[in-house]
Amino acid sequence: MDNRITPMTITGVKVNYYFICKTKLWLFSHNIQMERESEDVSMGKLIHESRYSRVKKDIIIDNVISIDFLKKGDILEVHDIKKSKKMEEAHRWQLLYYLYYLHERGVEAVGVLNYPLLNKKEVIEPSEDDFKEMERIMDEIPRIVYGNVPAPVKRRLCRKCSYYEFCFGDEG
Ligand code: SF4
């Protein structure tokens, strides 16, 4: 199997960006990266590194998906660590993508979104409808990535986005 990452390769981050911003999805998929790392991203990395020290973190599967950590029980738990619930829908679908990816390879699992700063967890049990919707999203992501760059739409979240200068830098 060829596991090279191409603009077509669908990763959890791309599924996340599909929900956050199509422009961001396109830029990221074409390996356009900006130097400035947002405070949110830095804080997210710090939480990721400092919490859950007793578990093995960052499990990479097929060089395509990167799972924060796994727990084995009656059913496998796929855990994702997030800073806040602001992007909850995107977080949920990113985790559902991991569950779908494993399901397609014969591994059934549930997802757990961990919000350590809020002391909250959310368990995600995927349904057949979730997996059908994921297939639709997986068809749509390559269409976006191989099309023209989607026009940026300014929203509150743009101020914290590393692509802000790229999208709106000439607006002063
Ligand atoms: S600055 Fe806004 S429009 Fe541009 S990529 Fe980021 S979120 Fe999308």
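Summarised in this report is the structure supplied together with it.

Here we look at the nonpolar core
Thinking step 1. Grouped together as the largest cluster of nonpolar side chains are 34 residues, with contacts concentrated most on I65, I67, V78, Y97 and I141.
Thinking step 2. Mapped by element, the contributors of at least two residues to this core are α1 (12–20), β1 (59–61), β2 (65–67), β4 (76–81), α4 (88–104), β5 (109–115) and α5 (128–145).
Thinking step 3. Residue contributions to this core peak at 10 residues, all from α4.
Thinking step 4. With near-sequence residues (within four places) excluded, I141 lies in contact with I10, K14, V15, Y18 and L25.

So, the site of the ligand
Thinking step 1. Around the ligand, the surrounding shell consists of C21, K24, P152, V153, L157, C158, C161, Y163, Y164, C167 and F168.
Thinking step 2. Counting atoms within 2 Å of the grid points, the majority share of the ligand lands in the largest cavity.
Thinking step 3. Among the elements that take part in the shell around the ligand, helix α6 (residues 164–168) stands out by supplying 3 residues, more than any other.
Thinking step 4. When grouped by side-chain class, the residues that make up the shell around the ligand number 10 nonpolar, no polar and 1 charged.

Section: the pairing of β5
On a regular strand, one side chain projects to one face of the sheet and the next to the other, so that they alternate.
Thinking step 1. Most of β5 is tucked away: 7 of the 7 residues are buried.
Thinking step 2. Side chains A109, G111, L113 and Y115 of β5 all project onto a buried face; the interleaved residues V110, V112 and N114 project onto the opposite face, where all are buried too.
Thinking step 3. Across 6 bridges, the pairing between β4 and β5 is parallel. Bridge pairing in β5 links E77 to V110.
Thinking step 4. Taken together, β4, α4 and β5 form a β-α-β motif whose crossover is right-handed.
Thinking step 5. For β5 and strand β6 (residues 120–124), the ladder comprises 5 bridges, and the chain directions are antiparallel. Each residue of the ladder has a partner; that of N114, found in β6, is K121.
Thinking step 6. Counted between consecutive antiparallel strands, the loop separating β5 from β6 contains 4 residues, among which N119 sits at a positive phi close to 60°.

About the thresholds
Residues numbered from 1 in each chain as written. Predicted model: local features only at pLDDT ≥ 70, side-chain atom pairs only at ≥ 80, totals over all residues. Heavy atoms only, no water. Core = buried A, V, L, I, M, F, W, Y, C linked by side-chain atoms within 4.5 Å. Buried < 20%, exposed > 50% of the residue type's maximum accessible area, 1.4 Å probe, protein only. Helix = DSSP H or I, 4+ residues; strand = E, 2+ residues; numbered from the N terminus. Contact = heavy atoms within 4.5 Å. Near = heavy atom within 4 Å. 1 Å grid on protein atoms, 1.4 Å probe; cavity = no way out; pocket = protein on both sides within 12 Å on 5 of 7 lines; lining within 4 Å. Sits in = over half its atoms within 2 Å of the grid points. Nonpolar A, V, L, I, M, F, W, Y, C, P; charged D, E, K, R; others polar. Pairing = 2+ DSSP bridges. Right-handed = clockwise from strand over helix to strand, strands pointing away.

From the geometry alone we can't say anything about function, so treat these as descriptive.
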